[in-house]
Amino acid sequence: MQRDATDANAECADRFEGRARRQAVRVLRKIVLLALFLTTCMWGFIGWSLWTEYANARAVGCTEGYNLTAAFAMELTNELDAANAVLESIAGTVKSSPDDEIKPGVQQVATGMANKAIGVRIAGPDGKRLLTTFKPEPGPTDFAHQPDFIGHRDNPSIQMTIDAYTADPAGLFIQVSRRLETADGRFAGEAILLLNPAYLMTLTRRIDLGRRGTVAIADENGIARAGFGRNDLDGHLGVGTDLRGSTYPEHIAPGQTALYSRRGPILNIDRLVTIRRLERYDLRVAVALDLDDVLGSARTHIWLMSLVGIGATGLMVTLSLLLMREMWRRTKREIDLAYDRDRLRSAQSQIEADRARLAETNRELLASKETAEAANRARSQFLAHMSHELRTPLHAIIGFSELIQEQAPTKPGSPPIAGYAADIWSSGRHLLELINAILDISKVESGTATLSETVFPVADLARAGLVSVRAQAEARHIALDLNLPEAIVRVRGDRTRLLQVLINLLSNAVKFTPNEGRILLTVSIPSSGELVFSVADTGIGMTEAEIQIAMEPFGQVDNTLSRSFEGTGLGLPLAHKLTELHGGRLELISIKGRGTTAYVYLPPERLVQRDAVRTGVAG
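Keep in mind that what you see is a predicted model, and the values were worked out from it rather than measured. (Residues numbered from 1 in each chain as written. Predicted model: local features only at pLDDT ≥ 70, side-chain atom pairs only at ≥ 80, totals over all residues. Heavy atoms only, no water.)

1. Overview of the sheet that holds strand β10 (residues 284-290)
Filter applied, for reference: Only strands that DSSP links by at least two bridges are regarded as paired with each other. Strands are runs of DSSP state E lasting at least 2 residues, helices are runs of H or I lasting at least 4, and numbering of each runs from the N terminus. Between N-to-C directions, angles span 0 to 180 degrees; the directions come from axes that are lines fitted to C-alpha atoms, helices contributing only their stretch in contact.
What the 5 strands build is an open sheet, ordered β7-β6-β10-β9-β8; its pairing is antiparallel. Strands at the two margins of the open sheet, each flanked by one partner only, are β7 (224-229) and β8 (257-263). Going across the sheet, the axis of each strand differs from the next one's by a mean of 20 degrees, ignoring polarity. Where strand β9 (residues 270-277) and β10 come together, 7 bridges link them in antiparallel fashion. Paired with L272 across the two strands is L289, which belongs to β10.

Structure (structure tokens):
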């Protein structure tokens, strides 16, 4: 039945484990799906925010590019209008003034273009240089084969041309030229104005284009004729570079603006380019902003948001893993608890069965105890009754043996009746002592023994014990010594019982000590306050096993020396019982072949008086 209950508990625990594991798997699946859903929503929001941030930053950059391009285009248009006005003034001076007055008039007009117009050149109708403001003049002296001169000579409708950024021995300039005519409309040559590009766009000094932002002036073919940057304000940046590419707008209407992104050909970095064509001049102004500057804050924000998203994702994954681990641990704990409950139920069933067996055993033991106690009482009563019954005839035998000894004939040749009577008396006395010892042990074990307590000196008790065994010791030449404390010590107890204890210990010592040996009886009071009697001999000694045998009633240690003396094995057990009757204890310490020491400890409360009277040491 118990095995069936154990199997049922185990099956129940197994079913619970299966249900718990399936429930844990369902919960873990929900946790994973919820974590994935939250992570997807979070990254969707982050992506939407980052795209919005990027689009807004790019829109701001585009707006800034439009505004900068419009500003630079307006400034360049104004400067070119001013240059055109100067050329018209020069053309008017040439048209209306004699040849000797042209040069002062031209110099006066050029003075108004200080810093902006580095120099003025005038070529005659044959292309030869007629006038220059350069001192000295490093440039050419014949312009007949130059495209702008040919265009002005052959096409009267062309009034002003711009040759953006012409390489000249005098330096790099933006060359503006105009057709010159005489008063009657004949071709009179060409006026050339060399402009300093640094003064055509002074806004580059006041507007921050960023670390790598640039402004370029390009012709109709997309060739850069002037370029400006943060550290290149003289207009020499990227001159001659072809700005055209896959995203370069080929056709832009006058006054219109185009926007595109590309890797810049000048500084080779990603740029946001805004290009605008001037309304009255065939030139383009291109503002290229560094995408890192335009999108810098957005990219920083993107990185921060990405890091936050990565951190949040890691945190969510970590929390999910921790939650899953804790959930799994909890499930395992529940499974372990289920098995523990199963084991506890099994253990409880086992305990109940053991308890039933123990109860049955206890009942049997109680019955056995009662039987043993009844048998012990019957034995004690039998021994006490038999002791009384035996002592009465023994007293008669002892008395008649004494009478026979006294009246036996002592004449020579008479039968040895006196010797026979002496043997009868000795045997009767020994049997009486044995019966008295058995009676004493029976009384102590049955609890009927009583003490007749008095107060007496310990020294008298010790001397009386030695007197009782002195005859036996002298017969075997064994020395008896007594060691007493200096003060007179009195003890309260049953003198007869304590004397019997000492006599039994001393008799055993004499019995088991070889001839010429030594026995020492010592009385001491250690620091514990107990009264201690010690009987030390130089006898044959005992082992621990033999001590256990000697302390049992009728127990005798099997050795040849002990067999040479009479003994019933009741001396040590009776001494032990009588010592315990006084509230003390008896201890034996023995070494095989070296002797035995018996200690009798009486409790401190039995000491009545310790007078400071010095006593001797008896031998």
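2. Quick look at the sheet that holds strand β15 (residues 531-537)
Keep this limit in mind: Note on contacts: a residue pair qualifies if any of its non-hydrogen atoms lie within 4.5 Å across the two residues.
Taken together, the 5 strands give an open sheet; going across it, the order is β12-β14-β15-β17-β16, and neighbouring strands pair in mixed fashion. Bordering the open sheet on either side are β12 (479-483) and β16 (585-591), each of which pairs with just one other strand. On average, each strand axis in the sheet is inclined to that of its neighbour by 10 degrees, with strand direction left out of account. In terms of strand pairing, β15 meets strand β17 (residues 595-602) through 6 bridges, oriented antiparallel. Following the sheet pairing, A536 is matched in β17 by T597. Contacts from helix α7 (residues 458-475) reach β12, β14 (518-524) and β15 within the one sheet, and its direction differs from that of β12 by about 175 degrees. Contacts from helix α8 (residues 495-511) reach β14, β15, β16 and β17, with the element oriented near 20 degrees to β15.

3. As for a nonpolar patch on the surface
Note the cut-off: For patches, a residue must show more than 30% relative accessible area and have no salt bridge; joins then use 9 Å for like charges and 5 Å for nonpolar side chains, namely Val, Leu, Ile, Met, Phe, Trp and Tyr. Areas reported here follow the Shrake-Rupley algorithm with a probe of radius 1.4 Å; residue values treat only the protein chains shown as occluding. Salt bridge, as used here: a side-chain nitrogen of Lys or Arg that lies within 4 Å of a carboxyl oxygen of Asp or Glu. The buried label goes to any residue with under 20% of its type's maximum accessible area, the exposed label to any with over 50%, and the partly exposed label to all in between, with areas taken from a 1.4 Å probe on protein chains only.
On the surface, W43, W303, L304, L307 and I310 cluster together into a nonpolar patch covering about 570 Å² of accessible area. The element contributing the most residues to the nonpolar patch is helix α5 (residues 296-407), with 4 residues. The class for I310 is exposed, based on a relative accessible area of 52%.

4. A short note on α7
As a reminder, the rule being used: Expected helix span is taken as 1.5 Å per residue step, with the number of steps being one fewer than the number of residues. What the bend at a residue measures is the angle between two axes, fitted to the seven residues ending there and to the seven starting there.
The end-to-end C-alpha distance of α7, which contains 18 residues, comes to 27 Å, matching closely the 26 Å that a straight helix rising 1.5 Å per residue would cover. A bend of about 50 degrees at V469 is the largest found in α7. What α7 keeps buried is the set V458, A459, L461, A462, G465, L466, V469 and A473. Taken together, the buried residues of α7 touch β11 (454-457), β12, β13 (488-493), α8, β14 and β15. Within two residues after α7, H477 carries a phi angle of roughly 60 degrees, on the positive side.

5. Some remarks on the nonpolar core
Note the cut-off: By nonpolar core we mean a set of buried residues, namely Ala, Val, Leu, Ile, Met, Phe, Trp, Tyr and Cys, connected to one another through side-chain atoms within 4.5 Å.
If you look at the biggest cluster of nonpolar residues, it comprises 43 residues, and the most contacted ones within it are F72 and L76. Counting residues per element, this core draws most heavily on helix α1 (residues 2-96), at 13 residues. Those residues within four positions of F72 in sequence are excluded, and the remaining contacts are M201, L203, T204, I207, L209, V215, V285 and V287. Ranked by size, the runner-up nonpolar core spans 42 residues in total, among them V489, L502, A575 and L578.

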